[in-house]
Amino acid sequence: MREEMAQREAAELRRGQRKPRSPHGWGLLEALWLLAFYEPVVTEGHLRRKNLEFIFIRFSAWEFAGCDKLWAGLVTTLCHHVRQHFGALPLSVFHVLGSRPRFASGFSQREWILKKGTCLRLWGLLLVLAVGIAILLVALLVPGIKDHHALKVVGSAVASLSGSSLVLGALSILKNFLVSEKKKIERLTNSDRFAGQLGFMSKIREEVEVLVDYLAFMEVFERRRLRVVMEITSLDLCYPEKVAGVFNAMATLLSDANAPFIFLLAVDPSVIVPCLEQTGCMKGLADNGYLYLNRAVTLPFSIPEMGARSRLRSVAAAIQTREDLMYRIIADNVAKTRGGCGGGGCGAVAPAPSWKEADSEAVAWIHEAFRCLHDASDVLSRYLPENGANVRRIVNTIPITLRLLLHRAAGAGAVAELSPRAAAAWVVLADRWPCRLSWTLQCLEDAGQGHAAAEHSGRSLWSVFQEHAGELSALRQPLGKVLSLDADPELFQAFLARDFPFGAGEARQLLGVTVNLDHSIRQQMGLLRAMARLGRAAPVSRGVQCVPHGA
């Protein structure tokens, strides 16, 4: 959008159009003069202008989730950023003296018309003020007239009345300068009578209308079209009634056909639709949230599947947010660690590391694990999630997992057998398929408690999952919500059966350092398996008869 803005600006200048201006610096004085004494006119030439400016506003719904009315936060954010973009003084003057642009009659190219009424009133007040001051000065200074108190009273009254009108106008501008639109709305929402306050929505609507009129004025002044682009994010983290309130606020702001607003709604429909269906905004739409979204969204855009390059860029961006894992620091620590090996001693079997040595070795392991994630030729990068939040979660989990793995080995007086790549793959496995991995681990745990524990110790996780996949399918109804967390099942098969064939022993070793897998899922699965076994054993127990011991 910024590139489009720059291209249109350059094209308009090549066409010989006048250069746009800004309400800053010397342009502020010009804007104030036009606000006070001129009325803007929308001409045919203005409608033909192709250059525009986008005013980007980011609204994170999660920041206002604690408010009683989330939509009020949306409106206050809009007012605050528009005021900040153009400056507080022009908007304050517009509240008192400004007027909405009117359309030109015919093909006139005149964009500014003098406010004759305003000028006449101002000149009249100044003239009356001058007359009142002159009468007062004459009554005070001219000898022989000083004793006439009536003349002093008339002069003082005339000067006071005319001067007070000018002072009231200046005070109104000062009040709007000090009390912003955001503060006005917050004062209304903080009122004790907020819930039943009559005319509350009309006052909010008035503030929004003034804002729209001001943007229309600035379009004519700046000689380009203006569009306020509001990016709404984190809406799927709020309560259902708050979600519906934001949609209602968007509908209110877009109710005017000429409103210069563009809303970019970044949401997950699978989360938003149930929230909308739980509220009362679905009346008349057969409680269909998808139908409501289709009517509310005028340009749907579903982000396609992320490619390999985009995934690697997402990983690189997530790694750069970790200041403790910057590559320069890691490289220095790796060099210091390797500098301790001398001669042929490095080729021998290393003794069990101490706690301090394990912490130093973890830096090299973390660097190696991140290299595997960021390497396009490594098969592990193909299993990275498309969601940026999941990528950051994986990047944050890998260092903790590797440090715990090395510290456990140091505490037990042993050497870590698993590689950094295997540990990183295990973190990815737990993040992408938490339900299927938990089911496999629970089946492995139940088998280890029985007589066939030795048989399962050398088996692969994929063979264990295959053996009990039918039982998981039978429990898909109580585990439906947990199953929905898993990624593509075919990728799960390729991951465990071909690319990373973890064994039962490796799984038991990694389970103790796995921090990104909810262990309550396994507990729920263990309870469901136990209840299923009891259900299968119940018919057999009914046929057993009690026989006396003597018999």
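Residues numbered from 1 in each chain as written. Predicted model: local features only at pLDDT ≥ 70, side-chain atom pairs only at ≥ 80, totals over all residues. Heavy atoms only, no water.

Draft legend 1. Quick look at the overall build of the protein. Secondary structure assignment for the protein yields 24 helices and 6 strands. Scored against the burial criterion, the 551 residues of the protein give a buried share of 41%. Considering only contacts in the protein between residues 6 or more positions apart, those separated by 24 or more positions represent 80%. Summed over all atoms, the accessible surface of the protein reaches about 31100 Å², with 58% contributed by carbon and sulfur. (Helix = DSSP H or I, 4+ residues; strand = E, 2+ residues; numbered from the N terminus. Buried < 20%, exposed > 50% of the residue type's maximum accessible area, 1.4 Å probe, protein only. Contact = heavy atoms within 4.5 Å. Areas by Shrake-Rupley, 256 points an atom, 1.4 Å probe, with all protein chains shown as cover.)

Draft legend 2. Quick peek at the sheet that holds strand β2 (residues 52–60). Overall, parallel pairing links the 3 strands, which are arranged β2-β5-β6 in an open sheet. This sheet does not close on itself; its edge strands, each paired only once, are β2 and β6 (261–265). The average angle at which neighbouring strand axes cross in this sheet is 20°, direction not considered. Bridging between β2 and strand β5 (residues 225–233) involves 9 bridges; their strand directions are parallel. The partner of F59 across the bridge, within β5, is I232. Here helix α4 (residues 70–86) sits on the sheet and contacts β2, β5 and β6; the angle it forms with β2, its principal contact strand, is near 140°. Each of β5 and β6 is contacted by helix α10 (residues 240–253), which is oriented at about 155° to β6, the strand it contacts most. (Pairing = 2+ DSSP bridges. Axes fitted to C-alpha atoms, helices over the stretch in contact; angles between N-to-C directions.)

Draft legend 3. Examining the pairing of β5 more closely. Across the 9 residues that make up β5, a large majority, 7, are buried. Relative to β6, β5 runs parallel, the two sharing 5 bridges. Residue pairing in the sheet places M230 in a bridge with F263 of β6. Following the chain from β5 across α10 to the adjacent parallel β6, one finds a crossover that is right-handed. (Right-handed = clockwise from strand over helix to strand, strands pointing away.)

Draft legend 4. α4, seen in detail. Here α4 is 17 residues long and its end C-alpha atoms lie 25 Å apart, about the 24 Å a rise of 1.5 Å per residue gives. For α4, the tally of buried residues reaches 13 of 17 residues, placing the bulk of the element in the interior. G87 lies just past α4 and shows a positive phi near 105°. (Expected span 1.5 Å × (residues − 1).)

Draft legend 5. Local environment of the nonpolar core. Core analysis: the largest hydrophobic core is formed by 62 residues, its most contacted members being L373, L380, I398, W426, L429, F495 and F502. When residues in this core are grouped by element, the largest group, 9 residues, is from helix α17 (residues 420–432). Contact partners of L429, with chain neighbours within four places excluded, come to P434, L437, F492, F495, L496 and F502. (Core = buried A, V, L, I, M, F, W, Y, C linked by side-chain atoms within 4.5 Å.)

Draft legend 6. Quick look at the packing of helix α20 (residues 461–474) against helix α22 (residues 489–499). Two numbers describe how α20 lies on α22: the axes approach to 8 Å, and their chain directions differ by 135°. If you check the angle between α20 and α22, you find them oblique. Where α20 abuts α22, its residues L461, W462 and F465 lie against F492, Q493, L496 and A497. Among the residues making up the contact of α20 with α22, the classes are represented as 6 nonpolar, 1 polar and no charged. (Parallel < 35°, antiparallel > 145°, perpendicular 65-115°, else oblique. Nonpolar A, V, L, I, M, F, W, Y, C, P; charged D, E, K, R; others polar.)

Draft legend 7. Fine view of the packing of helix α18 (residues 434–448) against helix α23 (residues 504–511). α23 packs onto α18 with a crossing angle of 105° between their chain directions and a minimal axis gap of 11 Å. Taken as axis vectors, α18 and α23 run roughly perpendicular relative to one another. Where α18 abuts α23, its residues L441, L444 and G448 lie against A504, A507, R508 and L511. Grouping the amino acids of the contact of α18 with α23 by side-chain chemistry returns 5 nonpolar, 1 polar and 1 charged.

Draft legend 8. Inspection of the sheet that holds strand β1 (residues 38–42) at higher detail. In spatial order, the strands read β3-β1-β4; together these 3 strands make up an open sheet with mixed pairing. Strands with a single pairing partner mark the edges of an open sheet, and in this sheet they are β3 (102–103) and β4 (112–114). Packed onto the sheet, helix α2 (residues 26–37) meets β1 and β4 and runs at close to 90° relative to β1.

Draft legend 9. Examining the pattern of salt bridges more closely. For the structure shown, the criterion picks out 24 salt bridges. Linking R102 and E39 is a salt bridge whose minimum nitrogen-to-oxygen distance equals 3.3 Å. One end of the pair, R102, is in strand β3; the other, E39, is in strand β1, with 63 residues separating them in the sequence. The class of E39 is partly exposed, set by a relative accessible area of 21%. (Salt bridge = Lys/Arg side-chain N within 4 Å of Asp/Glu carboxyl O.)

Draft legend 10. Here's a closer look at the packing of aromatic side chains. What the rule picks out here adds up to 16 aromatic pairs. Judged by centre distance (4.7 Å) and plane angle (55°), the ring pair of W33 and F37 falls under tilted. Remark: F37 and W33 occur in helix α2; sequence separation between them is 4 residues, near one turn of the helix. The buried category is assigned to F37, whose relative accessible area is 17%. Their ring planes at 55° and their centres at 5.7 Å tell us that W433 and F492 sit as a pair that is tilted. Placement of W433 in the loop between α17 and α18 and of F492 in helix α22 is noted, with a sequence separation of 59 residues between them. (Phe/Tyr/Trp six-rings, centres within 6.5 Å; stacked < 30°, edge-to-face > 60°.)

Draft legend 11. Here's a closer look at the environment of K184. Here K184 is to be found in helix α8 (residues 181–189). Each C-alpha atom, one on K184 and one on E207, is 9.1 Å from the other, the two residues being 23 residues apart in sequence. The contact partners of K184, leaving out residues within four places of it in the chain, are H95, N176, V179 and E207.

Draft legend 12. Structural view of the environment of I135. With respect to the helices and strands, the residue I135 is situated in helix α6 (residues 116–141). Note on I135: relative accessible area 24%, which makes it partly exposed. Expressed as a C-alpha distance, the spacing of I135 and A159, which sit 24 residues apart in the sequence, is 9.0 Å.

Draft legend 13. Local environment of unusual backbone geometry. At R223, a residue that is not glycine, the phi angle is positive and equals roughly 65°. Within the secondary structure layout, R223 lies in the loop between α9 (200–222) and β5.

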